[in-house]
Structures are given as C-alpha cells and as structure tokens.
Amino acid sequence: MEHADEFRKYAHKLVDWIADYFENIEKYPVKSNIEPGDVFRQIPASAPEEPESTDELLADFEKIILPGITHWQSPNFYAYFPANSSYPSVLGEMLTAALGAQCMKWETSPAATELEEAVMNWLRKMTGLPEYFTGVIQDSASTATLCAILTAREKFTSFHVNHDGFDRQPVMRVYCSTEAHSSVEKAVKIAGIGKTNLVKIPVDDAYRLIPEKLEEAIINDIQSGYRPLCTVAALGTTSSTAVDPLEEIGLICSKYNIWLHVDAAFAGSALILPECRWIITGIERVDSFVFNPHKWLFTNFDCSAYFVKDTEALINTFKLVPEYLKSQLHEHVNDFSNWGIQLGRRFRALKLWFVIRAFGLNGMQKRLREHILFAGNVKKWIDQDQNFEILAPVNFNLVCFRFHPEAIHDEEDLNRLNENLLKELNRTGKLYVSHTKLAGKYTLRMVIAQTYVKEQHVNDAWKIICEKSEEVYQNFK
Ligand SMILES: *Cc1c(COP(=O)(O)O)cnc(C)c1O
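Rules behind the numbers
- The numbering scheme is per chain: residues are counted from 1 as the chain's sequence reads.
- Under the rules for a predicted model, residues below a pLDDT of 70 receive no local features and side-chain atom pairs below 80 are neither given nor counted, while totals for whole chains, interfaces and linings still include all residues.
- Where side-chain values are given, they derive from all heavy atoms of the structure, hydrogens and water being excluded.
- When at least one non-hydrogen atom of a residue lies within 4 Å of a molecule or strand, that residue is treated as near it.
- Definition of a polar contact: a pair of N or O atoms within 3.5 Å, with one able to donate and the other able to accept a hydrogen when the atoms are protein atoms, and with sequence-neighbouring residues admitted only if both atoms are side-chain atoms.
- Accessible surface area values rest on a Shrake-Rupley calculation with a 1.4 Å probe, where residue burial reflects the displayed protein chains alone.
- Helix numbers and strand numbers start at the N terminus; a helix is a DSSP run of H or I with at least 4 residues, a strand a run of E with at least 2.
- Three categories are distinguished: nonpolar for Ala, Val, Leu, Ile, Met, Phe, Trp, Tyr, Cys and Pro, charged for Asp, Glu, Lys and Arg, and polar for the others, with Gly belonging to the last.
- Only strands that DSSP links by at least two bridges are regarded as paired with each other.
- Helix axes are fitted to C-alpha atoms over the stretch in contact, other axes to C-alpha atoms as well, and angles between N-to-C directions run from 0 to 180 degrees.
- Orientation categories follow fixed angle ranges, with anything under 35 degrees roughly parallel, anything over 145 roughly antiparallel, 65 to 115 roughly perpendicular, and all other angles oblique.
- Here, residues are in contact when the closest pair of their heavy atoms is within 4.5 Å.
- For the domain bounds, the source is a domain assignment made automatically or taken from a database.
- Accessible area, probed at 1.4 Å, shrinks when two parts are joined; the buried area is that loss added up over both.
- Stacked, edge-to-face and tilted are the three classes for Phe, Tyr and Trp ring pairs, Trp counted by its six-membered ring, which pair at centre distances within 6.5 Å; planes under 30 degrees apart are stacked, over 60 edge-to-face, the rest tilted.
- Counted as over-ring charges are cases with an Arg CZ or a Lys NZ within 6 Å of the ring centre that also lie within 35 degrees of the ring normal.
- Definition used in this section: a nonpolar core is a set of buried Ala, Val, Leu, Ile, Met, Phe, Trp, Tyr and Cys residues joined via side-chain atoms within 4.5 Å.
- Note on classification: 1.4 Å probe, protein chains only; a residue is buried when its accessible area is under 20% of the maximum for its type, exposed when over 50%, partly exposed between these limits.

Before going further, it helps to examine the site of the ligand. Around the ligand there are 13 residues in total, and A141, S142, D263, N292 and K295 lie nearest to it. Between a nitrogen atom of the ligand and a side-chain N or O atom of D263, the distance comes to 2.6 Å. The separation between an oxygen atom of the ligand and a polar side-chain atom of N292 is 2.9 Å. Notes on the ligand: free accessible area 390 Å², of which the protein chains cover 88%. Listed by contribution, the elements that provide at least two residues to the shell around the ligand are α5 (141-156) and α10 (293-296). Here the shell around the ligand is composed, by residue class, of 3 nonpolar, 8 polar and 2 charged.

Set out below in structure tokens:
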C-alpha cells in the first residue's frame, strides 16, 4: 500500500468494520477458546518476500486472528480488571497512530508535552488529589511503581546508587501487604533491592494491610541494620479491591521517613466520585500515586496516570541528556523522557483528552455510579441466595463470591466445584469471569466496569451463573 487513494479506500472500510464490530460484539464468544498453537500454526514460518494485498491481510485478520481474540470490550466481560475503551478513545488512537509522533521531548512535539501537562492537571482535579502533585503518563502501573521505588532509592541514597551502584549501601527494605500486586515484587527485583527484601505484611479479615504489623516489621528491620525505603499501599487490591488504611500507614511512614507510594491501579478511577474519596483520607503523607485510566476510565490501553510530590527527585533519578538530545529550551520546558524509564514516548494524552471531553465529568461519574450500583445488585442477589456466598467486602464494583450449596462442606470440594463452575461459565461464551483465592478459598471475581455494560447484561449474567451452578452441582454429586 503506497498511495493515499488505496489507504483511503481501506481506511473507510476498516472504520465500518470497527463500527460493526462494536455493534455486534456480543455475538462473539467473550473468551477465546482456541487451543495453544492454533494461531502460530497458521502463520508462515518466514516473512513474505513480495508485497501482499490489503485484501489478503484483512481476510487473514478475520480468519486467523479474530478467533484468537478475547473480547475485552464486550459488555459481558467481567474478568480480571477491564482494559476498557470507548469510541472517543479509539478516535484519539487513530490520530496518534497517524501522527506517529515520538514525544520524548517538548521540542519533538510541543503539543504532546503541553497537552499531557494540561490533562494530568484535569485528572488531578477530577480525582481530588492534592494540588502539589504533578502528573505524568506512564505506560502501566507496573512501570509507575518501579519509578516510585527507583526514585525512593535515589532520594534516600543522595543519588549514590545511580552513580556508584550499591557499594557500601545498607540493605534496603520495601513493604506491602500480602495482597499487593505482583508488580511490586517485580519492581523490587528490577531495582536491585532483591525480592527477599520485600516484606509482606499480613492483612486483616477484609484483606487490608494491618498497620501495627507494618510498624513492627519496620522496627525489627531498623534494629537489624536495614534501611526501610518504601511502603506500597494498595487502594483496591487486585484480588478483592481491599483498601489499605492510608492514614495509619502514612503516619508510620512519616515517623520513619519512608517513601509512601500508592497503587490505586484500578480503584483510583473511583476518586472522580466524591463519595469514594474516603479511600484517600491521609493522602497528604503520600509521595507518589498511580492509577490507570486504561482500566476503568474508558481510555484504551495504555495510559497510566502517575502523580508525584517531589518532581525534582523523580527527574534527578531519570534525567540523562546526551549531546544529541540537548536543546536550548530544555531548562524551560518539560522533557517527559526524563520523568520515567522510556526515552521514546507515544502521544497518549490525546486519547485521554478526547475521552474526558467526549464524556464530560458528569458522563464519567454517571457510568461509574451505574457500575457500582450493578455490583451492589449482584451482592444483594447473593446475600438472598442460600447457595452463594460473598467472600470479601464489595467496596466498589468487584464482587468476590462462590457457589456454596448447603450439602457441601468440605473446602477442597468447594474449591473444585467453583473451579468447575468457572470453566463452564466461560465455555458458554456468553460471559467471562475470572478467579482468585481468598484465605485459601477458590473465589469467583465478577467486575462490572465495561464501558457499555447495561443493567440487562448483568441480570442475564446472573441468570447464567444460577443455571450453570445448578448444572455443575448435578454433575458433581
Ligand atoms: C492491574 C493492576 C496493576 C498492574 O497494572 P499494569 O498497568 O498492567 O501494570 C498493579 N496494581 C494493581 C492493584 C492492579 O490492579
């Protein structure tokens, strides 16, 4: 494809394809059920020597790729946390792809930097985060958490590790709860701190970090000659959206001069609802904060909002300006490549800008409130049904539950029964739920957060869950 004419023809066709896809998305099985190797086997072992036609490309996309796609944008997708998108987000991404701008420095596309500054200010205000936070878009929460730990490491060693390595440094310790996301452990490994120096603090019966246990661990570590570096508090854990008690954790971190990073990857979006701001009581002691508009704010992957208090420490951790990147302006503008790990950066602010403007704050709030309400309905149905039980507090829009018929008492049996149920539910293709383990119990997770999910979808999903559980139970006995 070399000419604009041809591009125009196929681009129009594709836009129609995309619109049809969204309109008909419920006709596809939500979870792809192909076998390992099914796609790989259909791709030639070597790249083509000669150009192939666009018709062939698109035909193969439908024939080979589409069956291997799990439809994350289906309103019947209730698994994991969503990676939700929306019409305005797709439009923004189209333009980002068309511009193909590499936005590493202000100069390489001033609008990208300045729009990022502006929309991050919007987000900060929309979520009620403090004014002294400065925002930057990272590719993912995992990267943002790594940035936080690296910045803490550098700030507390006066940039010694960046300069000389770990030579003559005390062993550093990082704290999080046993329910924290695996990205914390990954970050500690990459940052050279070592995963044995990640201290996992026990949780209470609502899966929240126990502050007294945190302080105990810190005191023990100090007595043993370690350097407590950073605590990662979770506002909305991945298993059950448990909310760590930020205020108590903040007091402990201030007392021992420890960096406090907040991982609110999923639930942070709920801060656009004033009634959910109780989760950030104590935010004034937080050093850095991440949440993902690419999870629950209608902006397609990737787009992680990272906020920091000490911008200077962040920039001093990452800044490198080789001769070929020097410019006369760099003292006066933000070069966001110095605010994180990547040099090259996509223009992610554009889709976020489109999304926020197209929905408006009210439009976003309305959808989030609906999601929370629908999850409340599911909880209510479970509470009223003797064959099901809720396994964790429903803080937002994630319902953790299991099928528990009265006749079955053995925990192993219950685990197996629910594992079967999950498999059968997802095999229907009519919905997709995922699982976790809470206190050893096999737990079904149903997250209601899809951009275009309606009450009817949730009603239908619950009906399927009831039917399938009966079926699975009959076959289990
Ligand atoms: C999803 C999730 C992450 C990881 O997010 P990425 O953006 O995919 O790196 C981290 N922490 C929590 C609590 C999450 O739910």
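Moving on from the coordinates now.
All right, on to the sheet that holds strand β3 (residues 198-201) then. Backbone hydrogen bonds are what pair the strands of a sheet, in a parallel or an antiparallel way. Strand order in the open sheet made by the 7 strands is β1-β7-β6-β5-β4-β2-β3, with mixed pairing throughout. Every other strand in the sheet has two partners, leaving β1 (134-138) and β3 as the edge strands with one partner each. Averaged over all pairs of adjacent strands, the angle between strand axes in this sheet comes to 20 degrees, irrespective of strand direction. Where strand β4 (residues 227-234) lies against strand β5 (residues 259-263), 5 bridges are found, and the strand directions are parallel.

It is worth spelling out the packing of α5 against helix α11 (residues 311-318) at this point. Remark: α5 packs on α11, axes separated minimally by 9 Å, with the N-to-C direction vectors making an angle of 95 degrees. In this view, α5 runs roughly perpendicular relative to α11, as classed from their interaxial angle. Residues C147, L150, T151, E154 and K155 of α5 lie in contact with α11, whose contacting residues are A313, L314, T317 and F318. Class assignment of the residues belonging to the contact of α5 with α11 gives a composition of 5 nonpolar, 2 polar and 2 charged.

Time to look at the environment of S337. With respect to the helices, strands and loops of the structure, S337 is situated in the loop between α11 and α12 (349-384). Each residue touching S337, except ones within four places of it in the same chain, is listed here: M104, Q342, L343 and R345.

Strand order in the open sheet formed by 4 strands is β8-β9-β11-β10, with antiparallel pairing between adjacent strands. Strands at the two margins of the open sheet, each flanked by one partner only, are β8 (388-390) and β10 (434-438). When strand polarity is set aside, the average angle formed by the axes of neighbouring strands in this sheet is 40 degrees. Relative to strand β11 (residues 441-447), β10 is paired through 5 bridges, and the arrangement is antiparallel. Counted as the bridge partner of S434 is R445 from β11. The strands touched by α12 within the sheet are β8, β9 (398-403) and β11, with β8 carrying the most contacts at an inclination of about 130 degrees. Seen against the sheet, helix α13 (residues 411-427) touches β9, β10 and β11 and runs at an angle of roughly 30 degrees to β11.

A few words now on the domain arrangement of the protein. Assigned domains of the protein: these are domain 1 (1-31 + 70-85 + 360-477) and domain 2 (101-346). With centres defined by C-alpha atoms, the gap from domain 1 to domain 2 works out at 30 Å. Listed per partner, the contact involves 28 residues of domain 1 and 29 residues of domain 2. Approximately 2400 Å² of surface area, both sides summed, lies buried where domain 1 meets domain 2, with 69% of it carried by carbon and sulfur atoms.

The final tally for this structure, using the stated rule, is 24 aromatic pairs. Look at Y87 and Y452: their rings are 5.4 Å apart centre to centre, the planes differ by 40 degrees, and that puts the pair in the tilted class. Pair noted here: Y87 is in helix α3 (residues 87-99) and Y452 is in the loop between β11 and α14 (455-476), with a separation of 365 residues, a long-range link. Here the aromatic cluster, defined as three or more aromatic residues joined through ring pairs, consists of W17, Y21, F22, Y28, F61, Y87 and Y452. The ring of F156 has R227 sitting right over it, with the charged end atom 4.7 Å from the ring centre. It is R357 that lies over the ring of W353; its NZ or CZ is 4.8 Å from the centre.

With that settled, consider the nonpolar core. Membership of the largest hydrophobic core comes to 68 residues, with the highest contact counts inside it found for L123, L235, F289, F307 and M364. Ranked by the residues each element gives to this core, the list is headed by α12, at 8 residues. Counting only domains with at least three residues in this core, you end up with domain 1 (1-31 + 70-85 + 360-477) and domain 2 (101-346). Setting aside anything within four residues of it in sequence, one finds M364 in contact with M126, I272, L297, F298, V355, I356 and F359. Judged by nonpolar contacts, the second largest core, of 31 residues, contains I149, M172, L229 and W259.

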